[in-house]
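For reference, the chains in residue letters:
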Amino acid sequence: MNINKIIEYHERTKHFPNRPANSTGYLDWATEPNPFRSYEGTDPVQLPFSTTVLNANYYDLFNRKKNELQPFTLKNIARLLELSMGLSAWKSYSGTSWALRMNPSSGNLHPTETHLILPPCQESNRPGGVFHYNPLPHVLEPRAEFDEQFWLRLENHFRQKGFLIGLTSIYWRESWKYGERAFRYCNHDIGHAMACLSFSANLLGWKATYLNSLSTREIEIILGFQKTRWKEFEREEPELLLFVHESAGNFDIRNVPSDIIDAFESLHFKGEPNQLSKDHEDWYVIDEVSAETSKPVTERKTYHYKEHDYFEKKIASASGEKIIRQRRSAQTYDGKTAITKRDFFAILDKTIPRNHSAPFDLGVGDISVHLCIFAHRVVGLDSGLYFLVRNEEDLIEIKQNCHPYFLWEKVDDAPHMLNLYLLQKGDFRQKAAFVSCQQDIAGDGAVSIGMIAKFKDNLENRPFLYRSLFWETGMIGQVLYLEAEAHSTRGTGIGCFFDDVVHKLLGFNDNTYQSLYHFTIGGALEDTRISTLSPYYHLKDDTHNHE
């Protein structure tokens, strides 16, 4: 791995006011990628749709104490997928319709694909195997089969029941629109998907754990990608593997033994990936940085966070499942909706990792991302620039890298677990909009947030962490999306920002810390010309629609 090539990629894909990152500069609609992958030549397994709404409170998406353990049945696995990677609605305007999903994606382009390794299913008398999830018809596409003995080797290794989920990225889906910067966005989306899976698993009394010892190559073998005939530029890049198990008890295994990986390599894989576009641009720098950030086998790591209670433990009448289903990305804000200081604190508090709390106990890594906050309309709080230090061990270093004239005044009435500081009072609406590629939405909301990652040290020690820094920002983004909905506002992720303008604003003069993702929350304006359709209206059986 060459850290210099990763740094070079990061620098060349920064946006500047006078030079955006390299892309085509236009949308070639003739080559727009199909947002749905299917493996042709497989015999799809139709998943059941949920017909009831889980009665867990919104708080129980995070808290693990109240959700009753559900059996690992196909019906429950289907619910997990429906609530995390499934469709949430269709939008329609002037004869054109497009799908929205539970997991958000840059430009609604959805580079993230989901694969499952499931045990034999007694419900349908099916063998175990490796499956691809296609959310359009809500089916599993069987790519490889194995028997009970094969699965028991996995179960004995993990020492408990459960199943595996693999997440992958199709870079072309994002690079079609965003060019070279697309690699960043694909990894944001992986983080969003990880959080979606963690929250939905929690509702079922399950927990998803990142198997952080595995290499990219090992995941490739487990998913059968080395035996798959990929169309040029449309290959899926293995990102990670999760083990889904019951929430209770400790689980400290982070690998799959080599003999079991060898057994996966001996499986027969079937299914031809469908063609997504008839033509492509070659964004070779994405393939280069992908290769440089490919993960080797590493030692097992477990991560421990703090145990403190949440600031806000319940929102009356807020259903966890309903909040998941209603999540949308705001397109414009009204420029006047404010949030209360209490809600502001509650939203930030949910971004702090805790032990035994979704989504961060999934175990991506040490806390490496902090929040630079433009507070525009928070009732009872001075407008200005704030900084939330999510890992207090970084406080001194962050201060040393920032402007010396910043106040660093602790917000006295903030909850004790929030290391929230006022840097500078004032109206930052115009600056927030400008740094976010001059997008008004960053100034018209109640707050706008820049996610600032501990960058250089992470890459020097383990270059593959370049991906997981973006995963962490995506997970934070998903928390912010749900928190916005739960507090009667709406959020949206912002991938377009002037990187070094943000750094200059804070006083950074090197890459010790870097801004990797932005987000904003406010009162959304709805486009009444666009109609909303139920998520699976396109299927004949309409009884499962929730819209």
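Residues numbered from 1 in each chain as written. Predicted model: local features only at pLDDT ≥ 70, side-chain atom pairs only at ≥ 80, totals over all residues. Heavy atoms only, no water.

*Asks:* Summarise the overall build of the chain; cite the residues concerned and give the values.
*Replies:* The helix and strand tally for the chain stands at 16 helices and 21 strands. In terms of overall dimensions, the chain is globule-like: its C-alpha atoms have a radius of gyration of 22 Å, near the 24 Å expected for 547 residues. With an accessible surface of roughly 21300 Å², the chain has 47% of that area assigned to carbon and sulfur atoms. (Helix = DSSP H or I, 4+ residues; strand = E, 2+ residues; numbered from the N terminus. Rg over C-alpha atoms; globule rule 2.2 N^0.38 Å. Areas by Shrake-Rupley, 256 points an atom, 1.4 Å probe, with all protein chains shown as cover.)

*Asks:* Any details on the nonpolar core? Residues and values, ideally.
*Replies:* Ranked by internal contacts, the top residues of the largest apolar core, which has 141 residues, are Ile117, Leu140, Phe163, Phe264, Phe344, Ile373 and Leu420. In this structure, Leu140 is in contact with Pro44, Val45, Leu47, Leu74, Leu81, Leu116, Leu118, Phe131, His132 and Tyr133, ignoring residues within four places of it in sequence. (Core = buried A, V, L, I, M, F, W, Y, C linked by side-chain atoms within 4.5 Å. Buried < 20%, exposed > 50% of the residue type's maximum accessible area, 1.4 Å probe, protein only. Contact = heavy atoms within 4.5 Å.)

*Asks:* Lay out the side chain of Thr512 in plain terms, naming residues and giving numbers.
*Replies:* Inspection of the secondary structure assignment puts Thr512 in the loop between α16 (499–506) and β20 (513–522). Overall, Thr512 belongs to the buried group, its relative accessible area being 8%. A polar contact of 2.8 Å, which involves the side chain of Thr512, links it to the side chain of Asp510. Not counting residues up to four positions away in its chain, the partners in contact with Thr512 are Glu397, Asn401, Ala453, Lys454, Phe455 and Lys456. (Polar contact = N/O pair within 3.5 Å; in protein donor to acceptor, adjacent residues only side chain to side chain.)

*Asks:* Before we move on, could you go through the sheet that holds strand β2 (residues 45–46) and cite the residues and values that matter?
*Replies:* The strand order β2-β7-β6-β5-β8-β10-β9 describes an open sheet built from seven strands, whose pairing is antiparallel. A strand with exactly one partner marks an edge of an open sheet, and here the two such strands are β2 and β9 (206–210). Here strand β5 (residues 112–118) runs beside strand β8 (residues 163–169); their pairing, made up of six bridges, is antiparallel. Within β8, the residue paired with Thr114 across the bridge is Leu167. Where helix α2 (residues 74–84) meets the sheet, it contacts β2, β5, β6 (128–134), β7 (139–146), β8 and β9, and its direction lies at approximately 165° from that of β5. (Pairing = 2+ DSSP bridges. Axes fitted to C-alpha atoms, helices over the stretch in contact; angles between N-to-C directions.)

*Asks:* Let's hear about the sheet that holds β20: which residues, and what values?
*Replies:* Overall, antiparallel pairing links the seven strands, which are arranged β16-β17-β15-β13-β18-β20-β19 in an open sheet. Across the chains shown, the open sheet's two edge strands, defined by having one partner strand only, are β16 (409–410) and β19 (490–494). In terms of strand pairing, β16 meets strand β17 (residues 420–425) through two bridges, oriented antiparallel. Across the sheet, Lys410 pairs through a bridge with Tyr421, a residue of β17.

*Asks:* Residue-level account of the packing of aromatic side chains, with values.
*Replies:* Taken as a whole and judged by the stated rule, the model has 35 aromatic pairs. Cluster of aromatic residues (ring-pair linked, three or more members): Tyr9, Tyr171, Phe183, Phe455, Tyr466 and Phe470. The ring of Phe497 carries the charged tip of Arg181 above its face, separated from the ring centre by 4.9 Å. For the cation-ring pair, Lys350 lies above Phe62, with the distance from its terminal atom to the ring centre recorded as 5.2 Å. (Phe/Tyr/Trp six-rings, centres within 6.5 Å; stacked < 30°, edge-to-face > 60°. Lys NZ or Arg CZ within 6 Å of the ring centre and 35° of its normal.)

*Asks:* Break down helix α5 (residues 182–203) for me, with residues and values.
*Replies:* Taking 1.5 Å of rise per residue, 22 residues should cover 32 Å, and α5 covers 32 Å from first to last C-alpha, within 8% of that figure. Most of α5 is tucked away: 22 of the 22 residues are buried. Backbone geometry just downstream of α5 places Gly205 in the positive-phi region, at approximately 75°. (Expected span 1.5 Å × (residues − 1).)

*Asks:* Could you give an account of the side chain of Asn202, naming the residues involved and the relevant values?
*Replies:* Mapped onto the secondary structure, Asn202 falls in helix α5. Since its relative accessible area comes to 0%, Asn202 is described here as buried. One polar contact links the side chain of Asn202 to the main-chain carbonyl oxygen of Asn63, over a distance of 3.1 Å. In contact with Asn202, other than residues within four places in its own chain, are Asp60, Leu61, Phe62, Asn63, Arg64, Asn67, Ser247 and Ala358.

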